[in-house]
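# Tertiary structure, described
Chain by chain, the residues run as shown.
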Amino acid sequence: MKTQLLLNLEIDIAYKSENYIIGKPNKDAFDYIIQKNAQWEGNCCLLTGDKGSGKSFLARLWKEKSHAQEINAIELHIDACDLKRNILIEDLTYDTSEADLFHILNFTKQNSKNILLTSADMGIINRFSLKDLTSRLRQSKHVTLEHPDDKLLIQLFSKAFVNHQVNIDIEPIKYLLTKIERNYHNIEKIVTYINETSLREKRTITKKFISAQLDYIINNLDAN
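The model shown is predicted, which means the values in this text are computed figures rather than measured ones.

## Describing the packing of helix α3 (residues 98–110) against helix α4 (residues 131–138)
- Packing of α3 against α4 leaves a shortest axis separation of 9 Å and a crossing angle of 45°. Comparing the axis directions of α3 and α4 gives the class oblique. In this structure, α3 meets α4 at a crossing whose hand is left-handed. Contacts between α3 and α4 involve Glu98, Leu101, Phe102, Leu105, Asn106 and Lys109 from the first element and Asp132, Leu133, Arg136 and Leu137 from the second.
- Counted by class, the contact of α3 with α4 contains 5 nonpolar, 1 polar and 4 charged residues.

What follows is the structure in structure tokens.
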């Protein structure tokens with residue numbers, strides 16, 4: 001059995017390409033946004049995916065590589081944008097200023113700059129009422145972080161435990177995956193709870209230990 005390091009340290013995640021775990025559900029998005037980068041089809045890309053799927057991680061990688069300006073969509077205003085730079089707009093919702101977004105899309109295209117948009121809403125394009133904006137977004141490239149498969153989830157859970165300075169065998173993780181919903185957004189909550197409980201009880205994280213925590217995990221942490 002691997003040694004478990006029970007060190008309750010603050011998590012510091014480095015946003016680097018080598019720390020982004022690539023699997024079948026996210027490979028197409030990574031290849032297009034990061035690998036293709038300057039050779040995009042058009043100047044705009046819309047990245048969608050569930051909460052916790054890695055949109056912000058991928059967006060930050062692109063931001064650093066492209067020297068882009070980052071703006072949160074809820075605070076979007078054209079006057080706050082440097083239209084001579086590449087631009088990252090995070091977390092598009094129906095509350096985003098449609099007029100500002102439309103003008104920013106047009107100006108960045110005129111200036112031959114790229115713009116990356118992210119949203120947790122797969123149907124975000126249909127939420128806008130400004131027809132010119134809807135048309136413009138439909139012409140843009142749309143990539144999605146697909147629902148995770150078991151292979152990717154095992155890697156993500158393993159990485160999350162490592163981020164907590166904990167190394168465990170793969171078997172407890174495989175067992176956990178047979179009992180919970182397959183999604184991204186609860187990974188950190190579940191790993192944090194398991195780690196803190198093991199520290200408090202001074203227990204090694206094994207299949208038996210996880211089994212004893214399942215009622216709480218399923219009823220409190222794994223709810224949709």
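## A closer look at the sheet that holds strand β4 (residues 115–119)
- If you trace the 5 strands from one edge of the open sheet to the other, you get β2-β3-β4-β1-β5, paired in parallel fashion. The sheet is open, and its two edges are formed by β2 (69–72) and β5 (141–145), each paired on a single side. The average angle at which neighbouring strand axes cross in this sheet is 20°, direction not considered.
- With 5 bridges connecting them, strand β1 (residues 44–49) and β5 associate as parallel partners. Bridge pairing links Thr48 to Thr144 in β5.
- Packing of helix α1 (residues 24–36) onto the sheet brings it into contact with β1, β4 and β5, and relative to β5 it is tilted by some 140°.
- In this fold helix α2 (residues 55–66) packs onto β1, β2, β3 (87–90), β4 and β5, with an angle of close to 165° to the strand it touches most, β3.

## Some remarks on the environment of Asn167
- Along the chain, Asn167 falls in the loop between α5 (150–163) and α6 (170–177).
- Overall, Asn167 belongs to the partly exposed group, its relative accessible area being 30%.
- Sequence separation between Asn167 and Ile205 is 38 residues; the distance between their C-alpha atoms is 9.1 Å.

## Structural notes on the confidence of the model for the protein
- On average, residues of the protein score 90 in pLDDT, and 92% of them reach the 70 mark or higher.
- Segment residues 1–11 is flagged for pLDDT under 50; beyond a separation of four residues in sequence, or across chains, it makes 27 contacts in the model.

## Regarding the packing of aromatic side chains
- The final tally for this structure, using the stated rule, is 5 aromatic pairs.
- When the ring of Tyr32 is compared with that of Trp40, the centres are 5.9 Å apart and the planes differ by 15°; the resulting orientation is stacked.
- For Trp40, a relative accessible area of 8% gives the class buried.
- Centroid distance Tyr193 to Tyr216: 4.5 Å. Interplanar angle 20°. Geometry classified as stacked. Remark: Tyr216 occurs in helix α8 (residues 207–221) and Tyr193 occurs in helix α7 (residues 187–201); sequence separation between them is 23 residues.
- Chaining the aromatic ring pairs together yields one cluster made of Tyr20, Phe30 and Phe57.
- Just above the ring of Tyr32 sits the side chain of Lys141; from NZ or CZ to the centre is 5.2 Å.

The rules behind each value
- Residues numbered from 1 in each chain as written.
- Predicted model: local features only at pLDDT ≥ 70, side-chain atom pairs only at ≥ 80, totals over all residues.
- Heavy atoms only, no water.
- Axes fitted to C-alpha atoms, helices over the stretch in contact; angles between N-to-C directions.
- Helix = DSSP H or I, 4+ residues; strand = E, 2+ residues; numbered from the N terminus.
- Parallel < 35°, antiparallel > 145°, perpendicular 65-115°, else oblique.
- Left-handed = near helix turned anticlockwise from the far one by under 90°.
- Contact = heavy atoms within 4.5 Å.
- Nonpolar A, V, L, I, M, F, W, Y, C, P; charged D, E, K, R; others polar.
- Pairing = 2+ DSSP bridges.
- Buried < 20%, exposed > 50% of the residue type's maximum accessible area, 1.4 Å probe, protein only.
- pLDDT = per-residue confidence, 0-100.
- Phe/Tyr/Trp six-rings, centres within 6.5 Å; stacked < 30°, edge-to-face > 60°.
- Lys NZ or Arg CZ within 6 Å of the ring centre and 35° of its normal.

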